[in-house]
Amino acid sequence: MTPPEPFLGDTVHTPVRHHILSVLVENKAGVLARIAGMFARRGFNIYSLAVAPAESDARFSRVTIVVDAESAPLEQIVGQLDKLVNVVAITDLSPQDALERELLLATVPTEDATRGQLLDLAAGAGASIVDVDGTALTVMLAGTPGACDALERSLESFPEVELHRTGRVALPRLGRTATHEE
Amino acid sequence: MQLTGAQALIKSLEQQGVDTVFGLPGGAILPVYDPLLDSSLRHILVRHEQGAGHMAEGYAQATGRPGVAMVTSGPGATNIVTPITNAHMDSTPLVVITGQVATASIGLDAFQECDITGITMGVTKHNFLVQSAHELPRAVAAAFHLATTGRPGPVLIDVPKDVAQSTMDWWYPASVDEYDLPGYRPTIELDEDLLDRAVALIAASRRPVLYVGGGTLKSRASAELLAFAERTRIPVVTTLMARGAFPDSHPQHLGMPGMHGTYTAVTAMQRSDLLITLGARFDDRVTGRIAAFAPEAKVIHVDIDRAEFGKIRRPDVALQTDVATALRAFDQSGVRSQPLDDWWRELEEWRERYPLTYEEPEMDGPLRPQHVIQAIAETTEPGTIVASGVGQHQMWAAQYWPFEEPNTWINSGGAGTMGFGVPAAIGAKAGRPDRTVWCIDGDGCFQMTAQELVTARSEGIPIKVAILNNAYLGMVRQWQEMFYDERYSEVYLSPDLPDYVKWAEAMGCVGLRATNVKEMADVIDEANAITDVPVVIDFRTDASEKVFPMVPAGASNDDIMVHPSQRGAR
Ligand SMILES: Cc1ncc(C[n+]2csc(CCOP(=O)(O)OP(=O)(O)O)c2C)c(N)n1
Ligand SMILES: [Mg+2]
């Protein structure tokens, strides 16, 4: 296994030495609790975690976990994860080999005076407006974690923003390889 | 063939070759106890579910086969969490079956409902909540497979009452492919490059030590270890979990390492330039302060569980395989070690200067605990199995009992569970009725699980229990004496309350007592002559006796404290 390389991207929510584990698991009751419990028990930090049905086979789900490779050596995290019987395969992506995307939704209360400012900001960030009423706008951004961070920071100047992020999903960049653990 | 889930469960256990189940029934598991009446399985009715779990562990440690326990839901299930945790820490193969409330009631706080799969997630290798009678055979087959392959451990099967009561068409998985374990691959091939690197380290080392852990016993590698050690002349240390993996009488055996290890074993590791680590995990009780542990040693780490690599100490070469396979591969490589004469000269000098020692007992008492253990060992037949509780008596048993054979030491290592001894000894005797089984127990430990002697008597399991009665929670007392200015807080128990002889008799056992050396010899002879019922001996030992050598918690192994009579000689 290659040692983690520093990620030089501009993020507030992930440490420099994060890694992305794409984990194929059996689609059985309690699997997520087993994974989360193991991380908590061993003191490994999770930055985000996203779950979805696996592409090809209804028996499996794919869990994308962004881990802090500073809280413990990556091979420790992967080794302990691999011991969970319901974990079928682990793909380890270092940030420079990964194509990472995340979804951000934010409802921003606006007045006439600030609405234009928000629309400009959203347009500049490549976000779209997905809901509107007289008192607020909801903006959506699907982008890199860095882009989501940047938008989140710019929205800090608005009061009482309700903001949710999904945590990232990732695939290897074309032409790059991930480390597979079967 | 139509069977109920309960019948299918019992039949599945038979299919796995189970001969003994330790358990206690109750509401949710009731359906399963009915077909037990028609089965050839031996069920041993315990007096507390913790006893069932430790018995299953003792059975497993003595026989090398998985231990099986069966209990009801709720409190029955929570009572067995301690043994499950204990087995998890010591990698003991167990299959524990718990009753559960009916599937329709799960989540409704039904009577005696508890989320036992949730509770035991962190202390089992895996667990199952079975959803249908049809799934039961698969769950049982998978549980035994998981418990016994790779790194062994406890597996729990939670069986809702309606699953046990409903019917199924009998089937049994024909092979591993039908176990539905797509994520479980316990064996991997030995990496030849890494093997070559390990062999090169062995060939270059001038101060190697074979650091032998419990994984060596699990992989039944004693014969391979003996052959490899003798061919290379490399000295051997056996951890608390590995006592018996290499004969104590062998001149290359330096004894047990760790907090209460021999001076020579501890210091050999400290000065070593190569630790050949065989199924051991650098437990803090072995390493002392990790930053100061074996500072000059390179590390070869052989383990079936790769998560052990680098968990505590970074290995120079990590071989993910079982110990027997690794030792055979070392042997086939034809590796020779360097001339180890200088190393052995040094080791012999330490061995001569700092043997295990204690003061002779006075003729009219009190007894020396170490002396009692040696006296029992000298009079018992070879191959005797010895179990222990947790505390000073455990350390003395590990130090002074002469272990010659694998699977003769039944002990709670990783968890340090007081009360383990009596039920574990019963389980060991149930699994190996041909062997004499002694339990070296503490007075504190005995009071935690002694009621299982009722089980032993009624089931005809004649174990022998030596209580080293120092009237104290002795190990805690030792720490308070040495590190808390002799401020004794809540450690005194009394030598006479309870009256252990009367208590033994009330449980249908023979009760004996010895207060001095003469009585000691007599009661041991008497106990050895009794083979039909359990015997309990109350040995009155010196409360001030302490376990030495000792590395204080958190200290460097270099700061090992030897017996007071050996101090100043250094
Ligand atoms: C269940 C449990 N509770 C508490 C402890 C902490 N503890 C370790 S040794 C010990 C004293 C054991 O006393 P005894 O059985 O009399 O053995 P001795 O040390 O006197 O030989 C205690 C309280 C433990 N290991 N296990
Ligand atoms: Mg005591």
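Per-chain numbering applies: the sequence of each chain, read as written, is numbered from 1 onward. The order in which chains are written sets their letters, starting at A; the order in which ligands are written sets their numbers, starting at 1. Note on the predicted model: pLDDT of at least 70 is required for a residue's local features to be given, and 80 or more for side-chain atom pairs to be given and counted; whole-chain, interface and lining totals, by contrast, use all residues. By convention in this description, side-chain values take in all heavy atoms of the structure and omit both hydrogens and water.

We now examine the domain arrangement of chain A. Residue and element names in this part refer to chain A. An automatic or database domain assignment supplies the start and end points of every domain. On domain assignment, one finds that chain A holds domain 1 (18-93) and domain 2 (99-170). One C-alpha centre belongs to domain 1, the other to domain 2, and the line joining them spans 29 Å. Carbon and sulfur atoms supply 61% of the area buried between domain 1 and domain 2, which totals about 520 Å² over both sides. Take a side-chain nitrogen of Lys or Arg and a carboxyl oxygen of Asp or Glu: if they are within 4 Å of each other, that pair is a salt bridge. Between the two partners, domain 1 and domain 2, sit zero salt bridges. Any pair of nitrogen or oxygen atoms within 3.5 Å is treated as a polar contact; in protein, a donor-acceptor pairing is required on top of that, and neighbouring residues in sequence qualify only through side-chain atoms on both sides. For the interface between domain 1 and domain 2, the tally reads one residue pair in polar contact (both at pLDDT 80 or more). Sorting elements by how many residues they give to the side of domain 1 that touches domain 2 places strand β2 (residues 46-53) first, with three residues. Among the residues making up the side of domain 1 that touches domain 2, the classes are represented as five nonpolar, three polar and no charged. We define buried area as the total accessible area lost by two parts upon association, computed with a 1.4 Å probe and summed across both. Secondary structure counts use DSSP, requiring at least four H or I residues in a row for a helix and at least two E residues in a row for a strand, with both numbered from the N terminus. All residues other than Ala, Val, Leu, Ile, Met, Phe, Trp, Tyr, Cys, Pro, Asp, Glu, Lys and Arg, Gly among them, are scored as polar; the first ten of these are nonpolar and the last four charged.

Each aromatic ring pair is specified by the distance between its two centres and by the angle formed by the two planes. Residue and element names in this part refer to chain B. Note on aromatic pairs: the rings of Phe, Tyr and Trp (six-membered ring only in Trp) are paired at centre separations within 6.5 Å, and the planes decide the class, stacked below 30 degrees, edge-to-face beyond 60, tilted for the rest. Scanning the model with the defined rule gives 16 aromatic pairs over all chains in all. Three or more aromatic residues link up through ring pairs in this structure, and these residues are Tyr263, Trp343, Trp350 and Tyr354. Geometry around tryptophan 170 places lysine 11 over its ring, the cationic atom sitting 5.3 Å from the centre. For a Lys NZ or an Arg CZ to count as sitting over a ring, it must be within 6 Å of the ring centre and within 35 degrees of the ring normal. Above the ring of phenylalanine 548, the side-chain terminus of arginine 567 is found at 5.0 Å from the ring centroid.

Here we come to a nonpolar patch on the surface. Residue and element names in this part refer to chain A. The patch calculation keeps residues exceeding 30% relative accessible area without a salt bridge and links them within 9 Å when they carry like charges or within 5 Å when they are nonpolar (Val, Leu, Ile, Met, Phe, Trp, Tyr). Where accessible areas are quoted, they stem from the Shrake-Rupley method and a 1.4 Å probe; at the residue level, only the protein chains shown are allowed to cover. Taken together, Leu103, Leu105 and Val130 make up a surface patch of nonpolar side chains, about 210 Å² in accessible area. Structurally, leucine 105 can be placed in strand β5 (residues 98-109). With a relative accessible area of 36%, leucine 105 lands in the partly exposed category. Each residue gets one of three labels from its accessible area relative to the maximum for its type: buried under 20%, exposed over 50%, partly exposed in between, using a 1.4 Å probe on protein chains only.

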